[in-house]
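# Summary of the model geometry
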Amino acid sequence: METNQIFTSAATNNDWYSEEFIYASVVRYLKENGYKVQKENRQKEGEKPERIIIASKFFQKEIIEVKGFPYYHPNHLHAVAPKAVQAKSWFTEALFNSFVNFSSFENNEVAMAVPNVGRYQAIIKNLNDYFTINDLYFKIYLVNEDASVDVSNLNQKYLQIVS
């Protein structure tokens, strides 16, 4: 599916926070910022595929785990009734998968892409102190409803570097 079709479809269906929209927005953002993008979806047995973006720039590779926001849409195959707990669970799964990806892909940076919604912002705010105190680098791509992307970091020391 073309990127423009995803944006149009997401805007029409009001599901800009879906994984498909987040994925397409981040791929577009990376390409516009000089990254070479290699797309990958990994299928886990009996589950929907993991959405991962592999991007490189200046010989540095990033492995980006993509997560949407829990939502309910009756026409979607994996429709889920939204709950605040699910957002936390999805964020935790994405963070864990990022760490697993780090060990699977040597010498690479790991990152996460999520919709820029209040629930994810609250979770990120709660993690900032831990990542800052322990001097851990973890980039987050926050996708807005207009498909623009803000780049942040769980470590507040690096916020100005990647913004």
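Just so we're clear, the structure is a prediction, and the values are computed from it rather than from any experiment. (Residues numbered from 1 in each chain as written. Predicted model: local features only at pLDDT ≥ 70, side-chain atom pairs only at ≥ 80, totals over all residues. Heavy atoms only, no water.)

### Thoughts on the overall build of the chain
Just so we agree on the cut-off: Each helix is a run of DSSP H or I of at least 4 residues and each strand a run of E of at least 2, with the numbering of both proceeding from the N terminus. Only protein chains enter the area calculation, which uses a 1.4 Å probe; residues under 20% of their type maximum are buried, those over 50% are exposed, and those in between are partly exposed. Residues count as neighbours in contact if any of their non-hydrogen atoms are within 4.5 Å of one another. Note on areas: Shrake-Rupley, 1.4 Å probe, and residue coverage restricted to the protein chains presented here.
If you tally the helices and strands in the chain, you get five helices and six strands. What you see in the chain, going N to C, is helices and strands ordered as α-α-β-β-β-α-β-α-β-β-α. In the chain, which comprises 163 residues, the proportion classed as buried is 45%. Sequence separation of at least 24 residues holds for 54% of the intrachain contacts in the chain that already meet a minimum separation of 6. A total accessible area of about 9300 Å² is found for the chain, and carbon and sulfur atoms account for 51% of it.

### Overview of helix 4 (residues 118-133)
Our working rule: Working rule for helices: expected span equals 1.5 Å times residues minus one. Throughout, the bend at a residue refers to the angle made by two axes, fitted to the seven residues ending there and to the seven starting there.
Compared with the 22 Å implied by 1.5 Å per residue over 16 residues, the 24 Å span of helix 4 between its first and last C-alpha is a close match. Leucine 127 marks where helix 4 bends most, by close to 35°. All of the buried residues in helix 4 are Tyr120, Ile123, Ile124, Asn128 and Phe131. One or two residues past the end of helix 4 sits aspartate 135, with phi positive at roughly 50°.

### Considerations on the side chain of arginine 51
Examined against the element boundaries, arginine 51 turns out to sit in strand 2 (residues 50-57). Residue arginine 51 is classed as buried on the basis of its relative accessible area of 17%.

### Description of the nonpolar core
In a soluble, globular protein the nonpolar side chains are often hidden away together inside. As a reminder, the rule being used: Definition used in this section: a nonpolar core is a set of buried Ala, Val, Leu, Ile, Met, Phe, Trp, Tyr and Cys residues joined via side-chain atoms within 4.5 Å.
Val26, Leu30, Ile53, Tyr120 and Tyr141 are the most contacted members of the largest nonpolar core, which has 41 residues in total. Listing elements by their share of this core, those giving two or more residues are helix 2 (19-32), strand 2, strand 3 (60-66), helix 3 (84-104), strand 4 (109-115), helix 4, strand 5 (139-143) and strand 6 (149-153).

### Describing the side chain of asparagine 144
Short version of the rule: Definition of a polar contact: a pair of N or O atoms within 3.5 Å, with one able to donate and the other able to accept a hydrogen when the atoms are protein atoms, and with sequence-neighbouring residues admitted only if both atoms are side-chain atoms.
Considering the arrangement of structural elements, one finds asparagine 144 in the loop between strand 5 and strand 6. With relative accessibility at 15%, the residue asparagine 144 sits in the buried group. At 3.1 Å, the side chain of asparagine 144 and the side chain of aspartate 150 are in polar contact.

### Some remarks on helix 2
In a regular helix each residue adds 1.5 Å, so 14 residues correspond to 20 Å; helix 2 covers 20 Å between its end C-alpha atoms and thus fits that length. One or two steps after helix 2, the chain reaches glycine 34, where phi turns positive at roughly 85°.

### Re the environment of phenylalanine 69
For phenylalanine 69, the location among the structural elements is in the loop between strand 3 and helix 3. When the C-alpha positions of phenylalanine 69 and tyrosine 120 are compared, they lie 8.5 Å apart, and in sequence the two are 51 residues distant. With sequence-adjacent residues up to four places away left out, phenylalanine 69 is seen in contact with Tyr17, Ala87, Trp90, Pro115, Val117, Arg119 and Tyr120.

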